[in-house]
Amino acid sequence: MFDILIVGAGPAGASAALFAAKAGKKVVVVDNDKSMTKRAWVENHYGLMEITGPELIETGKKQAAKFGAEIAEGTVDNIEKAEGSFTITAGEKSYSAKHVILAAGVSTDLAEKAGLKTKAGTEPRIKTVLDVDADGKTNVDGIWAAGTVAGVSVHTIITAGDGAKVAINVISELNGERYVDHDIMK
């Protein structure tokens, strides 16, 4: 069983996976390789002069994998709540996790199927987003959301930061105390 399953490996999902795996959590990211970031050219991301969207996504996945996150290809088609966990199916594969973070970009179909509340989006061309609180919690205990699907700006730096924030909140809940990821120069 995984501690955290993340749907989507774009900036929000990969950032959440990076923080969670680095915190020692057992993490799997299921990604369908359809991120809108795959079409992006990025020059407004702090710390990077410029990068293509596909390079940004691959770098994010590699960073998360460096700390032990498992990256799986597939389209999640169902989330079922079980006692104290969730069972997630992606085609022929299934995964069990204590917590789920949805970082599925503009796709709310899976979330609506799982009974998550939605609301109108505020970003241009983003019609519907998940209704989450300030921590990223949805109306279903144990399912969280980060990035554009959670109503934050579509800019990669903002969705990446939101993924990190939500992961910190999930890690804190799992640990029973506030988690801080702070490295010191060697």
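Residue numbering note: each chain is counted from 1, following its sequence as written. In keeping with the predicted nature of the model, local features appear solely for residues at pLDDT of at least 70, side-chain atom pairs appear and are counted solely at 80 or more, and the whole-chain, interface and lining totals rest on all residues. With hydrogens and water stripped out, all remaining heavy atoms of the structure feed into the side-chain values.

Participant: How should the pairing of strand β7 (residues 85-90) be read in this particular structure?
Facilitator: Regular strands show a simple pattern: their side chains alternate between the two faces of the sheet. Of the strand pairs in this sheet, strand β6 (residues 78-82) and β7 are connected by 5 bridges, and their pairing is antiparallel. In the sheet register, asparagine 78 faces β7, and the bridge partner there is threonine 89. Two strands are said to pair when DSSP picks up at least two bridges between them. We count a stretch as a helix when DSSP gives it H or I for four or more residues in a row; a strand needs E for two or more, and each element gets its number in order from the N terminus. The hairpin formed by β6 and β7 contains 2 residues between the paired strands, and glycine 84 there has a positive phi angle of roughly 75°. Across 5 bridges, the pairing between β7 and strand β8 (residues 93-102) is antiparallel. The partner of threonine 87 across the bridge, within β8, is serine 96.

Participant: When you look at the nonpolar core in this model, what are you seeing that I'm missing?
Facilitator: Most often, soluble globular proteins have nonpolar side chains that are buried together. Nonpolar cores were defined as sets of buried Ala, Val, Leu, Ile, Met, Phe, Trp, Tyr and Cys residues, with membership established by side-chain atoms within 4.5 Å. To sort residues, take the accessible area from a 1.4 Å probe on protein chains only and compare it with the maximum for the residue type: under 20% means buried, over 50% means exposed, and anything in between is partly exposed. Ranked by size, the top nonpolar core spans 25 residues in total, and within it Leu5, Ile79, Val100 and Leu102 carry the most contacts. Elements that contribute at least two residues to this core include exactly β1 (2-7), β2 (27-31), β7, β8, α3 (109-113) and β11 (143-145). Here the element with the most residues in this core is β8; it accounts for 4 residues. What leucine 102 contacts, discounting residues up to four positions off in sequence, is Val7, Ile79, Leu110, Ala111, Leu116, Leu130, Ile143, Trp144, Ala145, Ala146 and Val149. Any pair of residues with heavy atoms lying within 4.5 Å of one another is described as a contacting pair.

Participant: Even after reading the chapter, I still don't get the UniProt feature "domain: FAD/NAD(P)-binding" (unreviewed entry) in the protein, so can you show me in this structure?
Facilitator: UniProt positions are given in the numbering used here, feature names are shortened, and annotations may be inferred rather than shown by experiment. The feature "domain: FAD/NAD(P)-binding" (unreviewed entry), as annotated in UniProt, sits at residues 2-119 in this numbering. A distance of 29 Å separates the end C-alpha atoms of residues 2-119, which is 26% helix and 36% strand.

Participant: Quick question: what am I supposed to make of the pattern of salt bridges here?
Facilitator: Side chains that differ in sign of charge can pair as their charged atoms come close. Definition used for salt bridges: Asp or Glu carboxyl oxygen within 4 Å of a side-chain nitrogen of Lys or Arg. Applying the stated criterion across every chain yields a total of 7 salt bridges. Between aspartate 33 and lysine 38 there is a salt bridge, with the nearest N and O atoms lying 2.8 Å from each other. Look at aspartate 33 and you get partly exposed, because its relative accessible area is 37%. Two residues, lysine 165 and aspartate 162, come together in a salt bridge whose shortest N-O distance is 3.1 Å. Of the two residues, lysine 165 and aspartate 162 are both situated in helix α4 (residues 156-175); the distance of 3 residues between them amounts to about one turn of the helix. Taken together, the shared-partner salt bridges in this structure form one network comprising Lys22, Asp181 and Asp183.

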